[in-house]
Structure formats: C-alpha cells, structure tokens
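So the chains spell out like this:
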Amino acid sequence: MRTSIATVSISGEFPEKLGAIAKAGFSGVEIFENDFLTYDASPREVAAMVRDFGLEITLFQPFRDFEGMPEPHRARAFERAERKFDVMGELGTDLMLICSNVSPVSLGGIDRAAADFHELGERAARHGVRVGYEALAWGRHINDHRDAWEIVRRADHRQVGLILDSFHTLSRKIDPNSIRSIPGDKIFIVQLADAPLFDMDLLYWSRHFRNMPGEGDLPVVDFMRAVAATGYAGPLSLEIFNDQFRGGSARALAEDGHRSLVYLMDQVKRLEPDIRIDVPDMPDRIAVEGVEFVEFTTGPEEKANLAALLETLGFARTGQHRNRAVELFTQGAIRIVVNTDVEGSSFAGASYSVHGTNAYAFGLKVDDAHNALRRAQALDATRFAEPRASGETAIPAIQGVGNGVIYFLDGSPALANVWDSEFAAVAPASQGTDAGLTRIDHLAQTTRYDEMLTWLLFYTSIFSTRRTPMVDVVDPGGLVRSQAIESAPTPSFRVTMNGADNRKTFAGKFLAEGFGTSIQHIALATDDIFATAARLAGLGFQALPISRNYYDDLEARFGLEPAFSDALRAASILYDRDDQGEYFQIYSRTFGEGFFFEIVERRGAYAGYGAMNAPFRIAAQRRLARPDGMPKV
Ligand code: MG
Ligand code: MG
C-alpha cells in the first residue's frame, strides 16, 4: 500500500514534518508550493531532504485557474504551468495537481477545457510530467468529479488524468458509485479526507474542518470501495486542512493519518472481497467482552489511602502477587490491582514518578488475546512488554494512547488462570463487606480536546466499537466536550472521553496536575443503587455531597414523587432518564490529583452517562476543593 500525506496536513517546520511522516510509515508526501517557498531551500535541496527521509514526492500542488481562460489569461496560464513543470523537474516529481478554475473571468464549456488540457498534455509530455485535474467542490464551472472526468476523457492525452478527492465528492453528496465506471489508470492520484457534518460554506468547511478518514461523518469507506473497483493502484494521499491539527503534534498527527489509511483499507478489503486490496492481513475489529481489571500505580504511603477508599467501596483485598508488591482487590466481577512495585525501572514506577498515583493500565477481556495484539500492531499500536520473573505469564499488551497500557486477556488456559497463578489468595480481613458492585460500567478518560480524535480513531479502528455523539458539558471554568466509545452491539466495554481545552475546568486541572492523559474516573455498576448506598454508608463511604437545589430542580424537571427524590437526596444519588430507561449515579470524593469513583445503576436500556448531571458533580467537587480549585485529597 503506497501512502502519502500532504505536508500542509500537519504542523511543524518542514524537516520536522518530514521526519514525523517518514516515522509513521508513509511512503510519500504531497508538496505544497508554499511549504518550500516559506522554507529557505531550493527545490533541489527539498528533493534531497525528502529522499533522505526515504520518501517520494507523489504530487506537486496546487496549480489554480488554468482551464477555460480567455486570452490573454490563457497564454499566461500556459507559461505559468511550464515554469512549474521546471520546478517539478528539480523536485523530482512527475505529477501536478490542477484544481478546477474559480476565476470569475473563466469561461465554461467542456470542450474548451478539454482542448486546453490536451494542449497542456503536449507541453507536459515535453517536460516528462503528468497533470491531474481535480474538481473543487466550489469550482466556478466544474465542481463535480463526473464533469472533470468528462473533460479528461475528451482531452484524450496520456499525460492528462483525473484526481479524486473524497471531500470534494462527498461534501456535495455526489454518489461515489459514479467513480466505478472510470478506468483506474486514468485516476492519477486519490486524495482522502473526512469531515464532521456541518451545514456551512463548502470552501470554509474544507479549509478548516477536514480530518482523517474515520474521524468524521463522511462515507469515505463507500468512496474508497468505488475507487478500488476501478483497479486504481496508486498512492492514497491524505489532504487534511484543519486549524486544530496545525497546532497539534506532528508525530501524533502523522501516526493518526497512517492508522486512518490502514483502517480504511482494511474495511474496504472486508467489504470488497473480490478486489485485490494491498493492505496487510489482520484480524477483524476486536470484540471486547468487558474490562477484566484496572491497575493503579501508587507509592507505599499513598497505598494506604487508596486501599482505605477501596474498602469503603466494599472491595476486599483477596490477592497478593507472588513476586511483587502488587495487591488485588475484588468485588463482584471487578478486579482492582494496586501496584506499589515502583522502585527500579518498571513502567508502573515511571508512571508513578511522572503522574503520581494513577490508574495507568487496564485489561480487556477478548475472544483471542493474540489476535487482539496482532490487529492493534497492524494498526500501528506499540506492543508493550516488560521483563518477567520466571513463572510469570506474558500477557499481550499495547501502549494505549496517552500514557497507559492496555492488556488483553482471553479464555486460553494460561491467561484465564493468570489470577491464580500470579496471586496468592489472601483471607479477607472481614466478612460481608461487599456493597453489591458487580462490574465496571465505564472508564472515563480525560484528554486535551485536541487529542480526542486520536483516541477516537485508536479505539474505533482497533476495537469493535462505535462512538456516540459529542456532548458539551458546561463547567464553570469553561467547556468540556464529552464523547463515548462503546462496544457494539452489546455495550460491554464503554469509555467516555472528556476533552478539556482549558486548565480552569475541572477536567483541565486533572490533566495539568497529572501531566498527561489518564483515567479520571471508574464507574462501577450495581443492580440496586439504594441497597448499595445503604451498604456503603455502613462501610463509612463518603459520597460526594450534592446540593439540595439539584433535587428541587430534578423533581420539577422529571415530575418525580417527593418521596423518591427525598430518597435520592438522602443518599446523594444523581438521576437521569431517557426514552429507554433510567440512570442513577453516586460519586466518591476525589482522590489524589482529582481521580474519583462513580457508582451507577442502569435501569432499562438507558444509553447515556448522565451528562446533564456533570455540571452538578463538578460544582460539588469544586465546593470541596482547595482554594486553588483542586480537590482536597
Ligand atoms: Mg484535493
Ligand atoms: Mg461517568
């Protein structure tokens, strides 16, 4: 698979971009003329630099306002083109992109444009280069790839071909199946971009909101299926204009881009089994059966506080690692691992020294852990492995996005038995401490807003998950965007992501204090929230107190019986409801740098996460906070 990315798609200085692009696994780059006009190097120096990174230049662009010009503009356009052909010779690339004319003086007419392209083809042949014609969605006369193809067909010249761009086709809702009848060898390059659905001016939408395939809402897979049907075998080139990306990390953006192309072609291959698709074989998206465990790293002193919190939540310490300072706390099907083996060079130790106490790892129960690892690696995830003592099980694992680790467990003998083989059973300190918590409902990860798409693509490309619509949560310090990833069809694995772009928000403070992205809360499920609340009270659990105003508002909003809302209030239970069912939440007080537990009960098929309650939760956390806005430990 030949992959390419336009250098404008990512941030940074020119050499930094090239380095990131090469490292992410791309084979080529599209060079925007501006990239080296603003970078102080000649075309030959740029060519040498690109080659030094092991990349090819797939395309030189853009050439604007060429076809259908009246004289004297027409003659000048040809002269301009020939000067660019010379530059291309120095750059060592043979393909130039010509986008459809937007000039008000340009004249329409398919035959006029075709004649211009035929003549340009003659000149291009003398320079040993080719030209590709792209219909801009906002072109003055040509704004549809079907018309651009008709011009290329009538131009009837070997050096003249078509350039397809998924954004231009899909933003205008043109049926991508119209591509299937174009000969693949007349498509000179395919540019790919997705975008969130917005009803706005096409040019503005394109210049500011494009994103990687799979990150937006456009049917890029259908587009690419049609392209594959033509027999097109050239590079797949990302052309992404996005204001947010321009401020992001070049490395992360290049990695996202490469992952997006591999994922896209993996989907196309599964949907078009009769077409040869040049993408590595890999297992299908991984079905996640649930979260098998969450692991905290903590220091010896803080461990006592964490263990005390777990015990007030009804957990029992049931296991002690045979070789390491690692303890296992369990309740229902929930396993919490507390790792204080932070001396030396372990990852847990490194995570603790950088982030303090944090939930840095989790394990997912999957059908086949080794297949899961294979898929994740095929999608550019980094394998995670640490030295093991003899007798310790090698659990397949990858680095998550952010600073965490994701382990894969399955029903194979070695992995199913890992808890017994690695941990010695510990007699519980007391009997009957269980609070009725059954399993992990969801993990909530907090990230910088501009990293949310990275996470989204990571989870949806590797795992069989879907994303829910983004919800805005109003925090007194600013806006927090929240979006969930859920396994489908059964939501046995749920991750909510909160994107904060502002240090003043509670989520933003968690990020700033924690120096990175991590699990901010773990939601534990119960089948009976009131019984659980009563058990927790007996265990000395201190719920996050919720204001009386909340309950007055709730009663009015849902028309609740006063006795019911009194019962909620007495146990600091938050409540929500949708068409499908009801949702009950209790929050713990915060621990460490803002971590907390949530206890939830879903009744019926309630699909959400209580987003409407988040501002009340945040306000309550702030009331308990230190003067600087951070929670009391
Ligand atoms: Mg384009
Ligand atoms: Mg939650």
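Residues numbered from 1 in each chain as written. Chains lettered and ligands numbered in written order. Predicted model: local features only at pLDDT ≥ 70, side-chain atom pairs only at ≥ 80, totals over all residues. Heavy atoms only, no water.

### Comments concerning the overall build of the chain
When helices and strands are tallied, the chain shows 22 helices and 25 strands. The globule rule puts the C-alpha radius of gyration for 633 residues at 26 Å, and the 28 Å found for the chain is close to it. By principal-axis analysis of the C-alpha atoms, the chain measures approximately 90 × 60 × 50 Å. Counted over contacts in the chain with a minimum sequence separation of 6, partners at least 24 positions apart contribute 73%. In the chain, 66 side chains carry a positive charge and 86 a negative one; their mean positions are 1 Å apart. (Helix = DSSP H or I, 4+ residues; strand = E, 2+ residues; numbered from the N terminus. Rg over C-alpha atoms; globule rule 2.2 N^0.38 Å. Contact = heavy atoms within 4.5 Å. Lys, Arg positive; Asp, Glu negative; His and termini not counted. Charge placed at Lys NZ, Arg CZ, Asp CG, Glu CD.)

### Considering the sheet that holds strand β8 (residues 236-238)
What the eight strands build is a closed barrel, ordered β1-β2-β3-β4-β5-β6-β7-β8; its pairing is parallel. If you compare each strand with its neighbour and ignore which way they point, the axes differ by 30° on average. Relative to strand β3 (residues 56-63), strand β2 (residues 28-32) is paired through five bridges, and the arrangement is parallel. The residue of β3 that forms the bridge with F32 is Q61. This element, helix α5 (residues 110-127), spans β4 (95-99), β5 (130-134) and β6 (160-165) of the sheet and lies at about 155° to β5. (Pairing = 2+ DSSP bridges. Axes fitted to C-alpha atoms, helices over the stretch in contact; angles between N-to-C directions.)

### A few points about the UniProt feature "binding site: Mg(2+)" (unreviewed entry) in the chain
In the numbering used here, UniProt assigns the "binding site: Mg(2+)" (unreviewed entry) feature to H442, H521 and E598. These annotated residues cover 157 residues of sequence, and their C-alpha atoms all fall within 9.3 Å of one another, placing them together at a single site. Along the chain, H521 turns up in strand β22 (residues 518-526). Every residue in contact with H521, bar those within four places of it in the chain, is listed here: H442, L443, A444, F595, F596 and E598. With respect to the helices, strands and loops of the structure, E598 is situated in strand β25 (residues 596-604). (UniProt positions renumbered as here; feature names shortened; annotations may be inferred.)

### Regarding the coordination of the magnesium ion (ligand 2)
Here the magnesium ion (ligand 2) is held by the protein donor atoms H442 (NE2), H521 (NE2) and E598 (OE), which lie 2.2 to 2.3 Å from it. Counting residues between consecutive donors of the magnesium ion (ligand 2) along the chain gives the motif H-x78-H-x76-E. One end of the pair, H521, is in strand β22; the other, E598, is in strand β25, and 77 residues separate them in sequence. Residue H521 is classed as buried on the basis of its relative accessible area of 5%. What makes E598 buried here is its relative accessible area of 1%. (Donors = N, O, S within 2.8 Å, 3.2 Å for Na, K, Ca; no water. Buried < 20%, exposed > 50% of the residue type's maximum accessible area, 1.4 Å probe, protein only.)

### Quick notes on helix α22 (residues 614-623)
Burial in α22 covers these residues: A614, R617, I618, A620 and Q621. Looking straight down α22, one finds its buried side chains confined to an arc of 160°; they lie on one side. (Arc of directions from axis to C-beta.)

### A word on the packing of helix α11 (residues 250-271) against helix α17 (residues 452-462)
In the contact formed by α11 and α17, the axes pass within 10 Å of each other and the chain directions differ by 30°. The angle between α11 and α17 places the two elements in the roughly parallel class. Here α11 runs over α17; the crossing is left-handed. Touching D256, R259, S260 and Y263 of α11 are T454, L457, F458, T460 and S461, all from α17. Taken together, the residues of the contact of α11 with α17 break down into three nonpolar, four polar and two charged. (Parallel < 35°, antiparallel > 145°, perpendicular 65-115°, else oblique. Left-handed = near helix turned anticlockwise from the far one by under 90°. Nonpolar A, V, L, I, M, F, W, Y, C, P; charged D, E, K, R; others polar.)

### Some points on the coordination of the magnesium ion (ligand 1)
Protein-derived coordination of the magnesium ion (ligand 1) comes from E134 (OE), D165 (OD), Q191 (OE1) and E239 (OE), at a distance range of 2.1 to 2.2 Å. Spacing between the donor residues of the magnesium ion (ligand 1) along the chain follows E-x30-D-x25-Q-x47-E. With E134 in strand β5 and D165 in strand β6, this pair connects stretches of sequence that are 31 residues apart. Using a relative accessible area of 2% as the deciding quantity, one classes E134 as buried.

### Looking at the domain arrangement of the chain
Often, the extent of an interface is quoted as the loss of accessible area upon association of its parts. Taken as a whole, the chain is organised into domain 1 (3-271), domain 2 (288-425) and domain 3 (437-623). Here the C-alpha centroids of domain 2 and domain 3 sit 23 Å apart. Each side of the interface is counted separately: domain 2 has 40 residues, and domain 3 has 32 residues. For the pair domain 2 and domain 3, the two sides together bury roughly 3000 Å², of which 75% comes from carbon and sulfur. Looking only at domain 2, the three residues that lose the most surface to domain 3 are V288, L313 and V401, adding up to 21% of its buried area. For the interface between domain 2 and domain 3, the tally reads four residue pairs in polar contact (both at pLDDT 80 or more). For the side of domain 2 that touches domain 3, the elements supplying multiple residues, two or more each, are β9 (288-297), α12 (300-312), β12 (334-339), α13 (347-355), β13 (358-366), α14 (369-378), β14 (397-399) and β15 (405-409). (Domains from an automatic or database assignment. Buried area = accessible area lost by both parts, 1.4 Å probe. Polar contact = N/O pair within 3.5 Å; in protein donor to acceptor, adjacent residues only side chain to side chain.)

### Considering the sheet that holds β15
With mixed pairing, eight strands are arranged side by side in an open sheet as β14-β15-β13-β9-β12-β11-β10-β16. Of all strands in the sheet, those with a lone pairing partner are β14 and β16 (423-425), marking the two edges. Mean inter-strand twist for the sheet, computed between neighbouring axes without regard to direction, equals 30°.

### Comments concerning the UniProt feature "binding site: a divalent metal cation" (unreviewed entry) in the chain
Per the UniProt record, "binding site: a divalent metal cation" (unreviewed entry) is annotated on E134, D165, Q191 and E239. Of the residues just listed, which span 106 residues, no C-alpha pair is farther apart than 12.8 Å, and they cluster in one region. Tracing the chain through its elements places Q191 in strand β7 (residues 187-192). A relative accessible area of 0% means that Q191 is categorised as buried. Apart from residues lying up to four places away in sequence, Q191 is in contact with E30, L59, Q61, L97, E134, I163, L164, D165, S166, F223, S237 and E239.

### Some points on the packing of helix α1 (residues 14-23) against helix α3 (residues 43-52)
Put simply, α1 and α3 touch, their axes get as near as 10 Å, and they point 30° apart. If you check the angle between α1 and α3, you find them roughly parallel. The interaxial crossing formed by α1 with α3 has right-handed handedness. On α3, the residues that touch F14, P15 and L18 of α1 are V46, M49 and V50. By residue class, the composition of the contact of α1 with α3 is six nonpolar, no polar and no charged.

### Comments concerning the pattern of salt bridges
Tallying each qualifying case throughout the model produces 34 salt bridges. D266 serves as the salt-bridge partner of R375, at 2.8 Å between the closest nitrogen and oxygen. Of this pair, R375 sits in helix α14 while D266 sits in helix α11, placing them 109 residues apart in sequence. Note on accessibility: R375 and D266 belong to one class, buried. A salt bridge links R335 to E292; its shortest N-O distance comes to 3.3 Å. (Salt bridge = Lys/Arg side-chain N within 4 Å of Asp/Glu carboxyl O.)

### Comments concerning the pairing of β25
Across the nine residues that make up β25, a large majority, seven, are buried. Pairing analysis gives five bridges linking β22 to β25, with the strands arranged parallel. Pairing of A523 across the sheet is with E598, part of β25. In this structure, strand β24 (residues 581-587) lies alongside β25, joined through seven bridges in antiparallel fashion. Paired with G581 across the two strands is G604, which belongs to β25.

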